[in-house]
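Descriptive analysis of the structure
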Amino acid sequence: MQRIFVQLVIVTSLALSLLLTSIAPAEAMTVNFTWQGNQGYSATGTFNYDEKTAPAILSEKGVGTTQALESLTVSFADPSNHPIKTYNTINDGVSTGKYFQFNFNTMTQDIIGLIDIGGELPGDIYLKGTVDSNLSLIQVSASGVEEIVDSNSGTIICHAEQNAVKRSDAKHLSRFSYLFPRYSFASRFAQNDMISLLCHFRKDEA
């Protein structure tokens, strides 16, 4: 009986070790930001990056594969809080904005320096300027003429939070759900190895 108990402890310990190795997730950080103009226009947005690999100063510019940002979305609203337009500037680490510019301090969790986020075509709207100096909301007319519709002294507020999925994985592990084959957070490799170990234990027990 004691031999069986020791084998069970070894098997479950190895299974947990395999799962911890296989599920090591990226340290995804989500940052929400808001901007409020003096005339009542507003901008709200969100972006994601990998906390483990991002540099101290995250800087992105132009079209193409980004250096650190995985996604960035910004929405604009008028003084009555009616939505104007939403732009998904970055998707899966690829920027679609020709004039896009964005800088973020990952240490202080602040947007810094020059930014240019939003649309670029006639009829679009975008936020441009220097943080802590002047930020202007600019509307592009159908003919391509740019007009400042609102601005402020450069204030933009950020709020960061870690990806909730990581905390959820830890919660499942703490409840020993790794003992069951229906977990979704482990790789197929870890699942197969754990099943082999359990089968080996059952063979010895017999």
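The coordinates are above.
Because the structure is a prediction, the values reported are computed rather than measured.

Let us look at the nonpolar core. With 28 residues, the main nonpolar core has F47, Y49, L69, F102, I111, L127 and I156 as its most contacted residues. Counting only elements with at least two residues in this core, the list comes to strand 1 (28–36), strand 2 (42–50), strand 5 (69–77), strand 6 (83–91), strand 8 (101–105), strand 10 (114–118), strand 11 (125–130) and strand 12 (134–140). Look past the residues within four positions of I156 in its chain and what remains in contact with it is F33, T34, W35, I111, I115, L127, V131 and L135.

A word on the sheet that holds strand 6. The antiparallel open sheet is built from 7 strands, whose spatial order is 4-7-6-5-2-1-14. Each end of this open sheet is capped by a strand with a single partner; those strands are strand 4 (64–65) and strand 14 (157–162). Sheet topology places strand 6 next to strand 7 (residues 94–95); 2 bridges connect them, and they run antiparallel. Residue pairing across strands places I90 opposite S95, the latter belonging to strand 7.

One pass over the structure, following the stated rule, counts 7 aromatic pairs. Geometrically, the ring pair formed by F47 and F102 is edge-to-face, given 5.0 Å between the ring centres and 70° between the ring planes. In this pair, F47 is assigned in strand 2 and F102 in strand 8, connecting sequence segments 55 residues apart. Across the pair, F102 and F47 agree in class, each one buried. Pairwise contacts between aromatic rings join F33, F47, Y49, F100, F102 and F104 into one cluster.

Let us look at the side chain of E60. Considering the arrangement of structural elements, one finds E60 in strand 3 (residues 57–61). At 11 Å, K61 is the nearest oppositely charged side chain to E60, a buried residue that forms no salt bridge. For E60, the side chain forms a polar contact with the main-chain nitrogen of A68, separated by 2.7 Å. With near-sequence residues (within four places) excluded, E60 lies in contact with T66, Q67, A68, L69, F100, Q101 and F102.

Applying the stated criterion across every chain, the model contains 1 salt bridge. K85 is paired through a salt bridge with D124; the nearest N and O atoms lie 3.0 Å apart. Residue K85 is located in strand 6, and its partner D124 is located in the loop between strand 10 and strand 11; the two are separated by 39 residues in the primary sequence. Of the residues examined, K85 reaches a relative accessible area of 37% and is grouped as partly exposed. Classification of D124 as buried rests on a relative accessible area of 7%.

Let us look at the pairing of strand 2. In terms of burial, strand 2 is largely enclosed, as 7 of its 9 residues are buried. The loop that links strand 1 with its antiparallel partner strand 2 comprises 5 residues; one of these, G40, has a positive phi angle of about 105°. The pairing of strand 2 with strand 5 spans 8 bridges and is classified as antiparallel. Bridge pairing in strand 5 places S42 opposite A77.

Rules and cut-offs
- Residues numbered from 1 in each chain as written.
- Predicted model: local features only at pLDDT ≥ 70, side-chain atom pairs only at ≥ 80, totals over all residues.
- Heavy atoms only, no water.
- Core = buried A, V, L, I, M, F, W, Y, C linked by side-chain atoms within 4.5 Å.
- Buried < 20%, exposed > 50% of the residue type's maximum accessible area, 1.4 Å probe, protein only.
- Helix = DSSP H or I, 4+ residues; strand = E, 2+ residues; numbered from the N terminus.
- Contact = heavy atoms within 4.5 Å.
- Pairing = 2+ DSSP bridges.
- Phe/Tyr/Trp six-rings, centres within 6.5 Å; stacked < 30°, edge-to-face > 60°.
- Lys, Arg positive; Asp, Glu negative; His and termini not counted.
- Salt bridge = Lys/Arg side-chain N within 4 Å of Asp/Glu carboxyl O.
- Polar contact = N/O pair within 3.5 Å; in protein donor to acceptor, adjacent residues only side chain to side chain.

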